[in-house]
Amino acid sequence: MTKATDLIHHPYVPPTGFAAPQPGVYKASTVIFANVAAMRARDWQHKAGYTYGLHGTPTTFQLEERIATLEGGKHCLLVPSGLAAIANVNLALLKAGDEVLIPDNAYGPSKALAEGELKNWGIGHQLYDPMDPADLAARIGPSTRLVWLEAPGSVTMEFVPLAQLAQLCRSKGVTAALDNTWGAGLAFNGFEQGADIVVQALTKYPSGGGDVLMGSIATKDDALHRQLKLTHMRLGWGVGGNDAEAVLRSLPSLELRYRAHDRSARELARWLRGRPEVSQVLHPALEGSPGHEHWADACGQDGVAAGLFSVVFHERHAQAQVDAFCDSLRLFKLGYSWGGPVSLVVPYDIATMRRAWPHKGTLVRFSIGLEAAEDLREDLGQALGALSR
Ligand SMILES: Cc1ncc(COP(=O)(O)O)c(C=O)c1O
C-alpha cells in the first residue's frame, strides 16, 4: 500500500474509556457504516445511531440534549443561527393560506422574514400588541396557525404577560412559539409559561463569546418535534462540530455569567436612572419599567434578568448628540448582538411598532458584558459629557 492509502486507512484504534471534563469533538459529513445491512437498517430520525453529518454526531447530540434540559423540554434541534430557528418553526407549521401573529416588539428580522419571504409563499402575518392580550385575542382568526411570543422585547424591553398570552393561544388551539433568547433558559421556564415551542439564539448567552452563531428549537411534544425535524432535514440545516463544541464549553459557566451580566446591568441601569440626561431607563427587573409586574410573575420577585436594558434620553438631546455619546464610549463597543464579554451599545429608531411609542427622545440599547461595573460606569460618565458639547 502506498503512504497515501496507509494514512487514510490507518489501522490504529485508540483505546476506549477516555474521560475528560469536556466532550470530544466529532466532525463529519460522511458517517461510515459497518456493512450494507447496517446502512439499510439505520433510521436517520432516531438517535440510536448515526447516518449523515446533517442528522447528527455525538457532539451535536450532546449539545441538543443539554439545551433540551436547559429549556425544560424533551427534544431539541440545532440550526445555524437564532433566525434560522425562527424560520424553521415558521416553515414547519405554516402553509399557503395560513397566518402567523408576531408581537410588534419582536426581533426585527423575524418581522422581515414574514414580510419578505412568508408573504411570497401565500402565508399572511399580523403584528399584535403583546402588552394587550385583548389585541391578540381579537387577531386570532380561523387561519391563525402560529403565534410568536417574546419576553421582553429585546430593544423596547417591555415584559409581556407571557402566561396570559400563551393561555390565550392554548384556548384557541393555536401553537405558541417563544423566542427565549433573553431568558436563556434561566430566567423562566418557557414551557411552564405555556409555550409549545421554545427557540433560542444560542449565539447570545449560551455561546457567551460573541464568536458563534447558532440556534435551538426545543419541544416537549413528540409529534411536534417530528414535524419540526422533518422540515429541518428537508432544509438541510446543520451546525459544525467546532461551533457545537464552543457552546458545550461555555454551558458550564452559563448561569454564573448570566448572573454577573445581570448584577452589573442592574447597577448601571439604576445609576443611569439618576442621571439628568436620561428620561427613562427600560429594564424589566426595575420597578417602574413597563411590564415589571409581568417580569415578577414569570421570573419571581427575586428572579434574574439578562444584562440588557435601554435608555431613553431627554428629547432636549438631539439625535446627533446621542450619536456623539455612543461614539465617545471607550469600553462599550458599537455592535449588534449581545450576551458576550464585551459591553455593546446601539442607538435605535423605534418605527415598526403598531403601538404609539410614548417617548420622544432617542433610545439607546445597552448590552452589559463582563467588564467591572465601576469601569463601565466611569466610561458612561465620561461619554455623557458629549451630550452637552
Ligand atoms: C431576541 C433575538 N432572537 C433571535 C435573534 C437571532 O439570533 P442570530 O443572530 O443567531 O440569528 C436575535 C439576535 O440578535 C435576538 O436578539
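Use the structure listed above.
Just so it is clear, the model here is predicted, and its values are computed rather than measured.

Help me out: how do you make sense of the packing of aromatic side chains in this one?
Each aromatic ring pair is summarised here by two numbers: the centre-to-centre distance and the angle between the ring planes. Applying the stated criterion to the full structure yields 9 aromatic pairs. Aromatic side chains phenylalanine 332 and phenylalanine 366 sit 5.6 Å apart centroid to centroid with 75 degrees between the ring planes, which places their arrangement in the edge-to-face category. A residue pair is termed long-range when its members are at least 10 positions apart, and phenylalanine 332 in the loop between α12 (319-328) and β10 (333-334) and phenylalanine 366 in strand β12 (residues 363-367) qualify at 34 residues. One exposure class covers both phenylalanine 332 and phenylalanine 366, and it is buried. Feature note: the residues Phe309, Phe313, Phe325, Phe332 and Phe366 constitute an aromatic cluster, connected by ring pairs.

Looking at this structure, how should I read the packing of helix α4 (residues 82-93) against helix α5 (residues 108-116)?
Between two packed helices, both the angle of their axes relative to each other and the distance between the axes serve to describe the pair. For the pair α4 and α5, interaxial distance at closest approach is 10 Å and the crossing angle is 40 degrees. With respect to α5, the element α4 is oriented oblique. Read as a crossing pair, α4 and α5 show a hand that is right-handed. Touching Leu83, Ile86, Ala87 and Asn90 of α4 are Pro109, Ser110 and Leu113, all from α5. Considering only residue class, the contact of α4 with α5 consists of 5 nonpolar, 2 polar and no charged.

Explain the pattern of salt bridges here, please?
Oppositely charged side chains can form a pair if their charged atoms are brought close together. Scanning all chains against the criterion turns up 12 salt bridges. For aspartate 222, the salt bridge is made with lysine 74, and the minimal N-O distance between the two is 2.7 Å. You can see aspartate 222 sitting in helix α8 (residues 222-235) and its partner lysine 74 sitting in the loop between α3 (58-71) and β1 (75-79), a full 148 residues away along the chain. For aspartate 222, a relative accessible area of 42% puts it in the partly exposed group. With its nearest N and O atoms 3.5 Å apart, the salt bridge here joins aspartate 98 to arginine 145.

Looking at this model, I keep getting lost on unusual backbone geometry. Mind explaining?
Keep in mind that most residues, glycine aside, have a negative phi and that most peptide bonds are trans. The amide bond that connects alanine 151 to the next residue, proline 152, takes the cis arrangement and shows omega of -10 degrees. Tracing the sequence through the fold places proline 152 in the loop between β4 (144-150) and α7 (162-171). Phi angles above zero are rare outside glycine, and methionine 157 is one such case at about 65 degrees. Counting through the fold element by element, methionine 157 comes out in the loop between β4 and α7.

Rules used in this analysis
- Residues numbered from 1 in each chain as written.
- Predicted model: local features only at pLDDT ≥ 70, side-chain atom pairs only at ≥ 80, totals over all residues.
- Heavy atoms only, no water.
- Phe/Tyr/Trp six-rings, centres within 6.5 Å; stacked < 30°, edge-to-face > 60°.
- Helix = DSSP H or I, 4+ residues; strand = E, 2+ residues; numbered from the N terminus.
- Buried < 20%, exposed > 50% of the residue type's maximum accessible area, 1.4 Å probe, protein only.
- Axes fitted to C-alpha atoms, helices over the stretch in contact; angles between N-to-C directions.
- Parallel < 35°, antiparallel > 145°, perpendicular 65-115°, else oblique.
- Left-handed = near helix turned anticlockwise from the far one by under 90°.
- Contact = heavy atoms within 4.5 Å.
- Nonpolar A, V, L, I, M, F, W, Y, C, P; charged D, E, K, R; others polar.
- Salt bridge = Lys/Arg side-chain N within 4 Å of Asp/Glu carboxyl O.

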